[in-house]
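Structural overview
Next come the chains, spelled out residue by residue.
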Amino acid sequence: MKKEQQNNKKDLIMSAALKVMTKKGYYGSTMDDIVLESNMSKGAIYHYYESKKEIYLELIVYLESKYTDMFATVNKESTSAKKLKKLFTIWSDQLEKEPDFFQSFSIFQSMSGHDKDFKQAMQRMYSRFQKFIELIIIEGIKSKEFKKINPKTSALSLILNLDGISWFSLFESKNLDAKSYIDQMSDYILNTYISKEGK
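Residues numbered from 1 in each chain as written. Predicted model: local features only at pLDDT ≥ 70, side-chain atom pairs only at ≥ 80, totals over all residues. Heavy atoms only, no water.

Among the secondary structure elements, Glu64 is positioned in helix H4 (residues 52-71). On the accessibility criterion, Glu64 (14% relative accessible area) is buried. Here Arg128 takes part through its side chain, which lies 2.8 Å from a polar atom of the side chain of Glu64. Those residues within four positions of Glu64 in sequence are excluded, and the remaining contacts are Met125 and Arg128. (Helix = DSSP H or I, 4+ residues; strand = E, 2+ residues; numbered from the N terminus. Buried < 20%, exposed > 50% of the residue type's maximum accessible area, 1.4 Å probe, protein only. Polar contact = N/O pair within 3.5 Å; in protein donor to acceptor, adjacent residues only side chain to side chain. Contact = heavy atoms within 4.5 Å.)

In structure tokens, the structure reads:
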């Protein structure tokens, strides 16, 4: 029970930190902002974290864990192409449901250029995500569903496209429909992977 209460408090802190950072950015936000947003006491937050930086580094881990659980559903799909399509669909749905997540990662990416701890945290996260996609592509190549493409290069390319999607969270435009764009883009990418032999 005590462990569950600790996890619930950390969830509240992470949720508050995400809201604060997307509103004020990293440098514009303070521990007091996170305290206020969380409705917890300053002492309670300092019990778990010593600084704003420590909270935001933990936020990267927290968000990755949350999305890792979500992406686990991808492996339930019957083919590699369907798995990658599902990945794009999840990304698209979450862009609509949780734009703060995507905005936070643009801030984390910016921080990576200024702080080695954020750089290392983001590199670890992207490395694991890249490996996840690589394994799906390798599976598709082995089953002859996909052409003999380079799994590493293809996974990196796919991640770059997913990252590009996140920019939809940073601005609004009547001329751009994120869901339609993601659907068309994912179909285009998958068509370049799919082997005629495997059809």
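Once you've had a look at it, read on.
Let us look at the pattern of salt bridges. One pass over the full model with this rule turns up 11 salt bridges. Between Glu98 and Lys66 there is a salt bridge, and its shortest N-O distance comes to 2.5 Å. Taken together, the positions of Glu98 in the loop between helix H5 (80-97) and helix H6 (99-112) and Lys66 in helix H4 put the pair 32 residues apart, joining distant regions of the chain. Taking the relative accessible area as the measure of exposure, Lys66 reaches 30% and is therefore partly exposed. Close ionic contact of Asp117 with Lys116 constitutes a salt bridge, the shortest N to O distance being 3.6 Å. The exposure class assigned to Asp117 is partly exposed, which follows from its relative accessible area of 25%. (Salt bridge = Lys/Arg side-chain N within 4 Å of Asp/Glu carboxyl O.)

If you walk through the whole model with that rule in mind, you get 16 aromatic pairs. Each ring, one from Phe71 and one from Phe129, has its centre 5.5 Å from the other, and the planes form 15°; the classification is stacked. Here Phe129 lies in helix H7 (residues 116-142) and Phe71 lies in helix H4, a separation of 58 residues in the sequence. For the pair Phe71 and Phe129, a shared accessibility class is recorded, and that class is buried. Taking 6.2 Å as the distance between ring centres and 25° as the angle between the ring planes, the aromatic pair formed by Phe108 and Phe118 counts as stacked. A residue pair is termed long-range when its members are at least 10 positions apart, and Phe108 in helix H6 and Phe118 in helix H7 qualify at 10 residues. Judged on exposure class, the residue Phe108 and its partner Phe118 are both buried. (Phe/Tyr/Trp six-rings, centres within 6.5 Å; stacked < 30°, edge-to-face > 60°.)

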